[in-house]
Amino acid sequence: MSELVARTGRHQQRYRDGFRLVAGGPGEEVVEVLMINSTSGPGLLFPKGGWEDDETDKEAALREAYEEAGVRGDLVDLIGHYEFKSKTLQDEESPEGWCKAVMFALLVKEELQSWPEQNTRHRTWLTIPEAIECCRHPWMRQALEQGFSKRHTGVVEVGICKSSSK
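Analysis parameters
- The residue numbers shown here count from 1 along each chain, following its written sequence.
- Reporting in this predicted model follows two pLDDT cut-offs: at least 70 for local features of residues, and 80 or more for side-chain atom pairs to be given and counted; totals over whole chains, interfaces and linings ignore these cut-offs and use all residues.
- Note that water and hydrogens are dropped before the side-chain values are worked out from all heavy atoms of the structure.
- Working definition: helices are DSSP H or I runs of at least four residues, strands are E runs of at least two. Numbering for both runs from the N terminus.
- Note on classification: 1.4 Å probe, protein chains only; a residue is buried when its accessible area is under 20% of the maximum for its type, exposed when over 50%, partly exposed between these limits.
- Definition of a polar contact: a pair of N or O atoms within 3.5 Å, with one able to donate and the other able to accept a hydrogen when the atoms are protein atoms, and with sequence-neighbouring residues admitted only if both atoms are side-chain atoms.
- It only takes one pair of heavy atoms within 4.5 Å for two residues to be counted as in contact.
- Criterion for a disulfide: a pair of cysteine sulfur atoms at a distance within 2.5 Å.
- Joining through side-chain atoms within 4.5 Å is the link that ties buried Ala, Val, Leu, Ile, Met, Phe, Trp, Tyr and Cys residues into a set, and such a set is a nonpolar core.
- Note on aromatic pairs: the rings of Phe, Tyr and Trp (six-membered ring only in Trp) are paired at centre separations within 6.5 Å, and the planes decide the class, stacked below 30 degrees, edge-to-face beyond 60, tilted for the rest.
- The rule is short: NZ of Lys or CZ of Arg within 6 Å of the ring centre and within 35 degrees of the ring normal puts a charge over the ring.
- The arc in question is traced by the directions running from the helix axis to the C-beta atoms.
- We define a salt bridge as a side-chain nitrogen of Lys or Arg found within 4 Å of a carboxyl oxygen belonging to Asp or Glu.

Caption draft 1: Fine view of the side chain of Arg-121. The topology assignment puts Arg-121 in the loop between strand 7 (98–111) and strand 8 (123–127). Arg-121 gets classed as buried once you look at its relative accessible area, which sits at 9%. Within the structure, the side chain of Arg-121 is placed 3.5 Å from the side chain of Glu-68, a separation counted as a polar contact. Each residue touching Arg-121, except ones within four places of it in the same chain, is listed here: Ile-36, Asn-37, Ser-38, Thr-39, Leu-45, Glu-68 and Trp-115.

This is the structure:
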């Protein structure tokens, strides 16, 4: 009969932001999403931004996740399409600021130490209920409530926006 030995001590355990990370099972999986601060007011947002002429919607979503949140990974699902009115983006193509966003779930494989918007953006990992509470925009709360019923793990919801005359 072989001898079973449990690990003891905490010198090799994982910690993040002052918390000891613990694991257990079987149990309900904890799903976290990555959100970033808004540069124009309170509340948290998903990385999102304009869809450029030389890229697909998926390429735009990956680029925005890198530029705004400093993460790289694989798009795993289309979350949905959402319309909203931008308070800051109004131009001759969309004088009232209407936007259409397509949102994807991104399985994060890498969190970068430096990224293009690191001086103005801060990233925060939150559970779905925490994210819903902190989310700045109703359409993003809807995306969280409806889009993550499939229970993605370790993902960031990223999106792209394209101006549109409604």
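Caption draft 2: Structural detail: the state of the cysteines. What the rule picks out here adds up to zero disulfides. For Cys-134, which is in no disulfide, the shortest distance to another cysteine sulfur is to Cys-135 and amounts to 8.7 Å. Relative accessible area serves as the criterion here: at 32%, Cys-134 is assigned to the partly exposed category.

Caption draft 3: Layout of the nonpolar core. Core analysis: the largest hydrophobic core is formed by 29 residues, its most contacted members being Met-35, Val-71, Met-103, Trp-139 and Leu-144. At six residues, the largest contribution of residues to this core is made by strand 7. Discounting chain neighbours no more than four positions away, the residues touching Met-35 are Leu-44, Leu-45, Phe-46, His-122, Arg-123, Thr-124, Leu-126, Ala-131 and Cys-135.

Caption draft 4: Highlighting the packing of aromatic side chains. Considering all chains together, one arrives at one aromatic pair under this definition. Centre to centre, the rings of Tyr-82 and Trp-139 are 5.8 Å apart; their planes meet at 35 degrees, and the pair counts as tilted. A residue pair is termed long-range when its members are at least 10 positions apart, and Tyr-82 in strand 6 (residues 71–85) and Trp-139 in helix 3 (residues 138–147) qualify at 57 residues. Each member of the pair, Tyr-82 together with Trp-139, is buried. Here the guanidinium or amino end of Arg-72 rests over the ring plane of Tyr-66, the centre of that ring lying 4.3 Å away.

Caption draft 5: Seen up close, the environment of Tyr-66. Among the structural elements, Tyr-66 can be located in helix 1 (residues 57–69). Sequence-wise, Tyr-66 and Pro-116 are 50 residues apart; in three dimensions their C-alpha atoms are separated by 7.8 Å. Excluding its chain neighbours within four sequence positions, the residues that come into contact with Tyr-66 are Val-71, Arg-72, Leu-112, Trp-115 and Pro-116.

Caption draft 6: Seen up close, helix 3. Along helix 3, the residues that are buried comprise Trp-139, Met-140, Ala-143, Leu-144 and Gly-147. What you see down the axis of helix 3 is that its buried residues fit within an arc of 150 degrees, all on one side.

Caption draft 7: Representation of the pattern of salt bridges within the structure. Counted by the stated rule, this structure contains eight salt bridges. With its nearest N and O atoms 2.9 Å apart, the salt bridge here joins Arg-63 to Glu-64. Judged by its relative accessible area of 5%, Glu-64 falls in the buried class. One connected set of salt bridges, linked through shared partners, spans Glu-55, Arg-63, Glu-64 and Glu-67.

Geometry only, nothing functional implied.
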